[in-house]
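As a plain string of letters, each chain reads:
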Amino acid sequence: MSSVLYDAQGPRAKRRNILYTVLFLVAAAAVVWWVYDGLDSKHQLDWVKWKPFFTSPQPWETYIWPGLENTLKAAFYALLIALPLGALFGIGRLSDHRWVRIPAGVVVEFFRAIPVLILMIIANAVYSEYTDISTDTRPLYAVITGLVLYNASVLAEIVRTGIETLPRGQTDAAKAIGMRKGQIMVFVLLPQAVTAMLPAIVSQLVVIVKDTALGGAMMTFPELLASVRPMSANYGANTIACFTVIALIYIALNFSLTSFASWLERRLRQRKKSGGKGGAPTTAGEPVLLMDSNEN
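Residues numbered from 1 in each chain as written. Predicted model: local features only at pLDDT ≥ 70, side-chain atom pairs only at ≥ 80, totals over all residues. Heavy atoms only, no water.

Enquirer: Got a minute to help me understand the pattern of salt bridges in this structure?
Expert: Pairing between side chains of opposite charge can happen when the charged atoms of each approach one another. Under the defined criterion, the tally for this structure stands at 6 salt bridges. Across the pair Glu109 and Arg93 runs a salt bridge, and its minimum N-O distance is 3.1 Å. Here Glu109 is found in helix H4 (residues 98–113), whereas its partner Arg93 is found in the loop between helix H3 (58–92) and H4, with 16 residues between them in sequence. Look at Glu109 and you get partly exposed, because its relative accessible area is 34%. (Salt bridge = Lys/Arg side-chain N within 4 Å of Asp/Glu carboxyl O. Helix = DSSP H or I, 4+ residues; strand = E, 2+ residues; numbered from the N terminus. Buried < 20%, exposed > 50% of the residue type's maximum accessible area, 1.4 Å probe, protein only.)

Enquirer: Please clarify how the packing of H3 against helix H8 (residues 181–218) should be interpreted in this entry.
Expert: If you want to describe how two helices pack, look at the angle between their axes and the distance between the axes. The interhelical angle for the contact between H3 and H8, taken along N-to-C directions, is 145°, at an axis separation of 10 Å. Considering the relative orientation of H3 and H8, their crossing is right-handed. Residues Thr71, Ala74, Ala75, Ala78, Leu79, Leu83 and Ile91 of H3 form the contact with H8, whose participating residues are Met185, Leu190, Ile201, Leu205, Ile208, Val209 and Thr212. Taken together, the residues of the contact of H3 with H8 break down into 12 nonpolar, 2 polar and no charged. (Axes fitted to C-alpha atoms, helices over the stretch in contact; angles between N-to-C directions. Left-handed = near helix turned anticlockwise from the far one by under 90°. Contact = heavy atoms within 4.5 Å. Nonpolar A, V, L, I, M, F, W, Y, C, P; charged D, E, K, R; others polar.)

Enquirer: Help me out: how do you make sense of the layout of surface pockets in this one?
Expert: It is the rolling of a water-molecule-sized probe over the atoms that shows where space remains empty. Estimated volume of the largest pocket: approximately 520 Å³. Looking at which element gives the most residues to the lining of the largest pocket, the answer is H8, with 6 residues. Tallied by class, the residues present in the lining of the largest pocket amount to 9 nonpolar, 4 polar and 5 charged. (1 Å grid on protein atoms, 1.4 Å probe; cavity = no way out; pocket = protein on both sides within 12 Å on 5 of 7 lines; lining within 4 Å. Points joined across faces, edges and corners; volume = space filled by probe spheres on them.)

Enquirer: Which parts of the structure should I look at to understand the packing of aromatic side chains?
Expert: Tallied over the entire structure, the rule returns 9 aromatic pairs. Ring centres of Trp47 and Phe54 lie 5.8 Å apart, and the angle between their planes is 25°; on these two criteria the pair is classed as stacked. Here a set of aromatic residues connected by ring pairs shows up, and it is made of Phe53, Trp60 and Trp65. (Phe/Tyr/Trp six-rings, centres within 6.5 Å; stacked < 30°, edge-to-face > 60°.)

Enquirer: For this particular structure, what's the right way to read a nonpolar patch on the surface?
Expert: Where nonpolar side chains cluster on the molecular surface, the patch consists of Phe76, Tyr77, Leu80 and Ile81 and spans about 410 Å² of accessible area. Assignment of secondary structure puts Ile81 in helix H3. (Patch = residues over 30% accessible without salt bridge, like charges linked within 9 Å, V, L, I, M, F, W, Y side chains within 5 Å. Areas by Shrake-Rupley, 256 points an atom, 1.4 Å probe, with all protein chains shown as cover.)

Enquirer: Help me out: how do you make sense of the packing of H4 against helix H6 (residues 138–164) in this one?
Expert: In the contact formed by H4 and H6, the axes pass within 8 Å of each other and the chain directions differ by 125°. What the angle tells us is that H4 and H6 run oblique. By crossing handedness, the relation of H4 to H6 is classed as left-handed. Seen from H4, the contacting residues are Val108, Glu109, Phe111 and Arg112; seen from H6, they are Leu149, Tyr150, Ser153, Val154, Ala156 and Glu157. Taken together, the residues of the contact of H4 with H6 break down into 6 nonpolar, 1 polar and 3 charged. (Parallel < 35°, antiparallel > 145°, perpendicular 65-115°, else oblique.)

Structure (structure tokens):
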């Protein structure tokens, strides 16, 4: 049976696809065996190297939990500062005034073009030269500063794009009832754009969590990934085991964030459909959703 996207496969094409599938599975199995044999020959899969994570709380209490705490702390403060800053610059890029729009665009494009690691290094040097921040906390400040400068510029583009994707009728309807530009942005456009922007914002949060590892690699920031080196040295060079445990923690953390974002996006869409369509009454404090002028 044919489809709009492709034609139905004939007997020869089916046999060829089966052959390709078998070859791929054989090649994948060979790679898995090669990796397994290499790790096993170097005794990286011995139980003694994995045992500390299952039988003792010491590696968790001494290395993993403190590193995870620093990672979450840096990511939380970076997002807390970058999100409103990015929204401010994103709205600024949509301004009708050139003296607002052009400087906002220059700032966004400038910091978006610089790698976040360079921003962290520059921030660390500035804090070292011009502030009295102690050497113990300076890496944390440098990591947060670099993450804020880079991710605020990225979030500014997300906000700008999310607002621009809204139907033009929303703005026209708001102007028709006498709302000012600031009111239209705060009460009409931003609340509706949040639903569209949410997946991108959470994706950027995942990037923030992972980018904290750059501070551990270059500025001795004691984040989660940086705990691998002392932990491996203390437990018999179990590098593979340490990296595996840390990778699983990152996977669980980022999967939780994306799952929460999906759930929140569904809830927001349900509220939008049930509470704001066709002039249905809304409770105090809820965003006003205006019907597009083309909807009848």
